[in-house]
Amino acid sequence: MLTLAFLWIFWCALHSLLITEQIQTWIGKQNNWLTGSYRILYILFSLISLVPIIIYQYSLPQKNLFIWHGWWRPAQLFLLAYAFVMFWLGSQNYDIAYFLGIRQWRNQRRGQAAPQLDFRCQGIGLYVRHPWYSGGLALLWAVGPITDISLISRLILSAYLFIGTLLEERKLRRQLGAPYQQYCRQVPMLLPWKGRVRSARTPTDQKG
């Protein structure tokens, strides 16, 4: 179990390190093929490096601690539906080409400046600030039975998603300033418990 915990923690730390502002600033200064391709390479590396950890985890003998069945099944279906809604509606707010690194790659090939991520407060962004992180947490606990082995990975990845959300918040507050801070005061971070916030003010709103 300690080996598995170490592998997950190492993967999370490396995944975060490679996307820090310091690394991205250094990559941007290179002004070569790496500048436009880094995001794509980062995603590919993250996915490929997951494979051996998952294979190792499933090779270990496991004991069921909790199984979604009986009266718990509706709760599992609710979490799965919630995750789907968060991912789907979140994709309507985010620039998928930018997220995957395709836009950066195209701009670099065309000799254009690196694109800036467009921040939008619309759709699901009026209910929750980080729908993908929120959906990811729900999916993490809703899929499959919880075993003594999978519990380790679920706890580590949950902490990783929560810490990642806080780090993302800090970066956005620094980059976007007071308007984003006001947005944070109005719209919940992970759970849409306030319902739709009609008066949210963001940098995108103020441009109009």
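Remember, predicted model here, so these are calculated numbers, not experimental data.

Trainee: Requested: an account of the overall build of the chain, with residues and values cited.
Mentor: Counting its secondary structure elements, the chain contains ten helices and two strands. By principal-axis analysis of the C-alpha atoms, the chain measures approximately 55 × 45 × 25 Å. Within the chain, the proportion of its 208 residues that are buried is 38%. Sequence separation of 24 or more characterises 74% of the internal contacts of the chain that already satisfy a separation of 6 or more. About 13,000 Å² of surface is accessible on the chain, with carbon and sulfur atoms providing 66% of the total. Counting 21 positive and 7 negative side-chain charges, the chain places the centres of these two groups 2 Å from one another.

Trainee: Got a sec to walk through the nonpolar core? Specific residues and values, please.
Mentor: One finds Leu4, Trp8, Trp11, Cys12, Ile53, Ile156 and Leu157 to be the most contacted residues of the largest nonpolar core, which totals 14 residues. For this core, the secondary-structure elements that each account for two or more residues are helix H1 (2-17), helix H3 (33-59) and helix H8 (150-176). The element contributing the most residues to this core is H1, with five residues. Among all residues touching Cys12, those that are not within four sequence positions of it are Ile156, Leu157 and Tyr160. By size, the runner-up hydrophobic cluster in this structure holds eight residues, among which are Tyr180, Tyr183, Cys184 and Val197.

Trainee: Describe the packing of aromatic side chains, listing the residues and the values that go with them.
Mentor: Using the criterion set out here, one finds ten aromatic pairs in the structure. For the ring pair Phe66 and Trp72, a centre distance of 5.3 Å and an interplane angle of 85° mean the geometry is edge-to-face. A relative accessible area of 24% means that Phe66 is categorised as partly exposed. You can call Trp72 partly exposed: its relative accessible area is 49%. Here the aromatic residues Trp8, Trp11 and Tyr160 are joined through ring pairs into a cluster of three or more.

Trainee: How would you sum up a nonpolar patch on the surface? Please name residues and give values.
Mentor: Residues Leu77, Leu80, Phe87, Leu139 and Val143 make up a contiguous nonpolar surface patch of about 380 Å² in total accessible area. It is helix H4 (residues 73-93) that contributes the most residues to the nonpolar patch, three residues altogether. Its place among the elements puts Leu80 in helix H4. With a relative accessible area of 31%, Leu80 lands in the partly exposed category.

Trainee: Break down the packing of H3 against helix H6 (residues 102-110) for me, citing the residues and quoting the values.
Mentor: Between H3 and H6, the least distance of the axes is 7 Å, while the angle of their chain directions is 165°. The angle between the axes of H3 and H6 places the two elements in the roughly antiparallel class. Two packed elements cross with a definite hand, and for H3 against H6 that hand is left-handed. Where H3 abuts H6, its residues Trp33, Gly36, Ser37, Arg39 and Ile40 lie against Ile102, Gln104, Trp105 and Gln108.

Trainee: Pulling in residues and values, what's your account of the side chain of Arg129?
Mentor: The residue Arg129 is located in the loop between H6 and helix H7 (131-142) in this model. Residue classification places Arg129 among the buried positions, given a relative accessible area of 11%. Within the structure, Arg129 has its side chain in polar contact with the backbone oxygen of Cys184 (distance 3.1 Å). For Arg129, the contacting residues outside a window of four places in its chain are Tyr94, Glu169, Tyr180, Tyr183, Cys184, Val187, Pro188 and Met189.

Trainee: I'd love a proper account of helix H9 (residues 178-186), names of residues and values included.
Mentor: Residues of H9 that are buried: Pro179, Tyr180, Tyr183, Cys184 and Gln186. Down the axis, H9 shows its buried residues gathered within 165° of arc, on one side only. Exposed side chains of H9 directed beyond 90 degrees from the buried face belong to Ala178 and Arg185.

Parameters at a glance
- Residues numbered from 1 in each chain as written.
- Predicted model: local features only at pLDDT ≥ 70, side-chain atom pairs only at ≥ 80, totals over all residues.
- Heavy atoms only, no water.
- Helix = DSSP H or I, 4+ residues; strand = E, 2+ residues; numbered from the N terminus.
- Buried < 20%, exposed > 50% of the residue type's maximum accessible area, 1.4 Å probe, protein only.
- Contact = heavy atoms within 4.5 Å.
- Areas by Shrake-Rupley, 256 points an atom, 1.4 Å probe, with all protein chains shown as cover.
- Lys, Arg positive; Asp, Glu negative; His and termini not counted.
- Charge placed at Lys NZ, Arg CZ, Asp CG, Glu CD.
- Core = buried A, V, L, I, M, F, W, Y, C linked by side-chain atoms within 4.5 Å.
- Phe/Tyr/Trp six-rings, centres within 6.5 Å; stacked < 30°, edge-to-face > 60°.
- Patch = residues over 30% accessible without salt bridge, like charges linked within 9 Å, V, L, I, M, F, W, Y side chains within 5 Å.
- Salt bridge = Lys/Arg side-chain N within 4 Å of Asp/Glu carboxyl O.
- Axes fitted to C-alpha atoms, helices over the stretch in contact; angles between N-to-C directions.
- Parallel < 35°, antiparallel > 145°, perpendicular 65-115°, else oblique.
- Left-handed = near helix turned anticlockwise from the far one by under 90°.
- Polar contact = N/O pair within 3.5 Å; in protein donor to acceptor, adjacent residues only side chain to side chain.
- Arc of directions from axis to C-beta.

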